[in-house]
Amino acid sequence: MSSDPIGSALSLVGVDKRFPGVHALKNVSIEIRRGEVVGLIGENGAGKSTLMKILSGVYQPDSGEILIAGQPTTLVDAADANRKGIGMVFQEQSLLTNLTIGENLYLGNEAQFTRFGIIDWPSLYAAAARQLEKVQVDADPRARVDELDFASRQMVELAKALTLEELAAGHLVILLDEPSSVLERAEIDVLFARVRALKSRASFIFVSHRLDEVLELSDRIYVMKDGAVVADLSAADANAMQLHHLMVGRSLQAEYYREPLQKPFKDEVLLEVDGLSLEHAYREVTFKLHAGQILGIAGVIGSGREELTRSLSGFLPHDKGRLVIGGREARLATPAQAVDLGIGYIPRERRVEGLVLFLSVAANITLAALGSLTSYGLIKADAERRVATRWVERLTIRTPTIETLCLNLSGGNQQKVVLAKWLNAKARILILDHPTRGLDVGAKEEVYEIVRAVTTQGLAVILTSDTLEETIGLSHSVLVMRDGRITHRADAAPGRKPSQVDLIRYMV
Amino acid sequence: MGATVKRLRSGRLRQWLPLATLLLLVGLVGAFQPGFLRPSTLLQMAGDTAVLFVLATGVTFVIMLGGIDLSLQSMASLASVIVALTIARLGYSAFALAIGVGALAGLISGLAHVRLRIPSFIATLAMSGVQSSAALVLSHERSITLQLADRNYQSWITGTVLGVPSVIVIGLIVLLVAHVLQSLTPFGRYSAAIGAGEPAAYASGIKVDRQKIFAYVLSAGFAALAGVMLAGRLASGSPTLAAEMLLPSIAAVVVGGTAITGGVGSIWRTLIGALIISVVRIGMTFLGVNIFAQNIVFGAVLIGAVAITIDRSKIPIVK
């Protein structure tokens, strides 16, 4: 790797960052050279976003150095990073759609056009037009952003990042955080062409889940795993499967996922999905879910699996096809309807959708089945206490009392409260949406144990997970989705588990 | 100042602050005006508090859910007009009619808020305008004094039960009913869940819209009851009878320690809040503060109480 200070635009040396309970970045060193596009990939939680936040001045590293053009520096905040030539194009677009393109481009930087507190609009819009020319967007800078399509908006974001040229002295480094996730293929081609054309003006760091796109656009690729950089590859020598392997990088351990406890599922069908479709999300999805079965759904972001799980839990009704639950055809318009049909949703946003943090453990456990604890319209306090105590004991929820607010529980125990809520509501189908996100290893194992135990008793589970390893390890069967369709169905009986490589080829 | 407010906002202290404030205020007023602590005076104060407490109780249900009802004072006034206009013909049914109109108004506000997705302060502000106008039109912009013959129907409000003013008994019954609703029924539990974490409540299968509509029905229904009580005490109905009561009612809820952002609170806190407002009002009267200037104090009290009770870490942006 070159240490030539003239060639280096931006580098991190030995950067470490800790949050309570998490070692987010471990001795990370990366370098971005002038005119280079560097890809940055890794699973959720690998440390990419922490790294990006350090580069854009949002977080400060605990130790290690940031060098711009070879000179050590600190980035106090986002504005400071901007002044030093680091810009960011956000994945959730940061443009204000009710303002014009020109207003957006110079939002917060109007001072250069301002005299006596009055903005000189003609000169601002003239400058904005010059910026749009750089990214070859043919639009009136006086047009409102909501009149633009997504691709043009992304270009305007890029143009906004490029306005830093006028502010910052040195070479620009632009962070592209999942810029392609909302774009169609043709739009992506345009974006990539513009990025390549701008390489003389700026270097880019490109973060994406789409490995093919990272390979296509980048000159060089850093792979992150568990907070560390595990590989630095030339894009020309890499392929998608190899990259995925580096990202995941663990071999399957049968014991970890309680595979010996994986019992064959029963013949009884609890949920049948036939040609289920939702426009712009998933198409022609067909499968059966049996009592005692864990069905894993694998796929990258944008594969449609997220929307499919939301449809099955009542948040996002499907628009075509048949959904049969417990022998009855249904269309789930609200979670309440799903709950009535015996479906329990364990969301990835545990603290938002899973629990009411400011209610007690007992109240959360009984929340989805309070009706069964009432007589003459009044809650039977004794019965509620007994029920809550029983679940706390059964799932070994570690809490001082059942009256403790869920706010004060650890993530793993919070997740057990969510599971207890659905088991208490006698849900027959559990939808596990990233059930171990943010949990430490011990807590994960406890969740696996509970999931195994309840499926042995005849519950059915649909699982989407952060890692392919977890999906394969836990599931009886795995569906692989890509671009809204099922591309592969794999049996995952103990001893005959598919390898990650077997599935990845159907994902990317 | 900032540090003090911060300390008050955190910890167990905050929970007991309203009660401590009430006792302190009673002690203060008693020290300056020893007559205040006589049982008869205290009983009189409790009677004066009853109407405010009933109004505040209704809106407590809405605030618990994270909403607001700005129509309670016009609902109470409208109810007094309805009673005054119909009591001669309907007798006791006039009270039922007034409270029924209240429940209906609450149902409409609730439906507008939930089905049309209109913020609750807009839905109830609009309803407030409708109610005020209806009261003005129905009463021909006049105060209607009850006929002597019709005042017999009011004895359940104006009389006494075992020496205790009836309004106090009504207030205690409202307290009991509200306590049961809030602490012992699924509705009360769901309200707390929705106020503290609506997405989780929704994902748990709670029919959130239904709970919200019911809360608005309760709020307007209790407001109508308060209007009926006022009409009885003043032996008249008027379109402006409760005009100055919105601010003290909401102040009572918040001063008692119920969070304006929802999820945390109870009817007991509202009781303490209503008593605090009453004691402050009496204190001001002793001090000779102009009665029309009292809402200046309540406005300041409301701002202070929200500043202390709100948890700003939960809401970075306040609109």
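Not measured: the values here are computed from a predicted model.

Trainee: How would you summarise the interface of chain A and chain B if you had to cite specific residues and measurements?
Mentor: Facing the 23 residues of chain A at the interface are 19 residues of chain B. The residue makeup of the side of chain A that touches chain B, split by class, is 17 nonpolar, 4 polar and 2 charged.

Trainee: Go over the packing of helix H4 (residues 72–90) of chain B against helix H6 (residues 120–139) of chain B, please, and point to the residues and values.
Mentor: Residues and elements named next belong to chain B. The N-to-C vectors of H4 and H6 enclose an angle of 25°; their axes lie 8 Å apart at closest approach. Between H4 and H6, the interaxial angle falls into the category roughly parallel. By crossing handedness, the relation of H4 to H6 is classed as left-handed. Residue-level contacts link Ser-74, Met-75, Ser-77, Leu-78, Val-81 and Leu-85 of H4 to Ser-128, Gln-131, Ser-132, Ala-134, Ala-135, Leu-138 and Ser-139 of H6.

Trainee: Could you give me a rundown of the nonpolar core, with the residues and numbers involved?
Mentor: Here is a general trend for soluble globular proteins: nonpolar side chains tend to be buried in one another's company. Counting residues in hydrophobic clusters, the biggest one holds 171 residues, and the most contacted among them are Leu-55, Ala-76, Ala-224 and Met-229 of chain B. Per-element accounting of this core gives the leading share, 16 residues, to helix H10 (residues 208–234) of chain B. Inspection of this core shows a minimum of three residues originating in each of domain 2 (253–342 + 430–508) and domain 3 (349–427) of chain A. In contact with Ala-224 of chain B, other than residues within four places in its own chain, are Met-75, Ala-76, Ala-79, Ala-98, Ile-99, Val-101 and Gly-102 of chain B. Core analysis: the second largest hydrophobic core is formed by 66 residues, Leu-25, Leu-55, Leu-175 and Leu-176 of chain A among them.

Trainee: Run through the sheet that holds strand E24 (residues 485–491) of chain A, naming residues and quoting values.
Mentor: Residues and elements named next belong to chain A. Judged by pairing direction, the sheet is mixed, and its 6 strands sit side by side in the order E18-E21-E22-E15-E23-E24 without closing on themselves. The sheet is open, and its two borders are formed by strand E18 (343–346) and E24, each paired with just one other strand. Within the sheet, the average angular offset between the axes of one strand and its neighbour, ignoring direction, is 20°. Relative to E24, strand E23 (residues 477–482) runs antiparallel, the two being bridged by 6 bridges. Each bridged residue has a counterpart across the sheet, and for Ser-477 the counterpart in E24 is Asp-491. Against the sheet, helix H10 (residues 305–312) contacts strand E15 (294–298), E18, strand E21 (429–433), strand E22 (460–464) and E23, and its axis sits at roughly 150° relative to E22.

Trainee: Help me get a handle on unusual backbone geometry, residues and values and all.
Mentor: Residues and elements named next belong to chain A. Although it is not a glycine, Asp-226 adopts a positive phi angle of roughly 50°. Inspection of the secondary structure puts Asp-226 in the loop between strand E11 (220–225) and strand E12 (228–234). Residue class for Asp-226 comes out partly exposed when judged on the 15 C-beta atoms lying within 10 Å of it. Even without being a glycine, His-280 presents a positive backbone phi close to 65°. Residue placement: His-280 occurs in the loop between strand E13 (269–278) and strand E14 (282–290). Assessed through the 8 C-beta atoms surrounding it within 10 Å, His-280 is described here as exposed.

The rules we used
- Residues numbered from 1 in each chain as written.
- Chains lettered and ligands numbered in written order.
- Predicted model: local features only at pLDDT ≥ 70, side-chain atom pairs only at ≥ 80, totals over all residues.
- Contact = placed C-beta atoms within 7 Å.
- Nonpolar A, V, L, I, M, F, W, Y, C, P; charged D, E, K, R; others polar.
- Axes fitted to C-alpha atoms, helices over the stretch in contact; angles between N-to-C directions.
- Helix = DSSP H or I, 4+ residues; strand = E, 2+ residues; numbered from the N terminus.
- Parallel < 35°, antiparallel > 145°, perpendicular 65-115°, else oblique.
- Left-handed = near helix turned anticlockwise from the far one by under 90°.
- Core = buried A, V, L, I, M, F, W, Y, C linked by C-beta atoms within 7 Å.
- Buried ≥ 20, exposed ≤ 12 C-beta atoms within 10 Å, placed from the backbone.
- Domains from an automatic or database assignment.
- Pairing = 2+ DSSP bridges.

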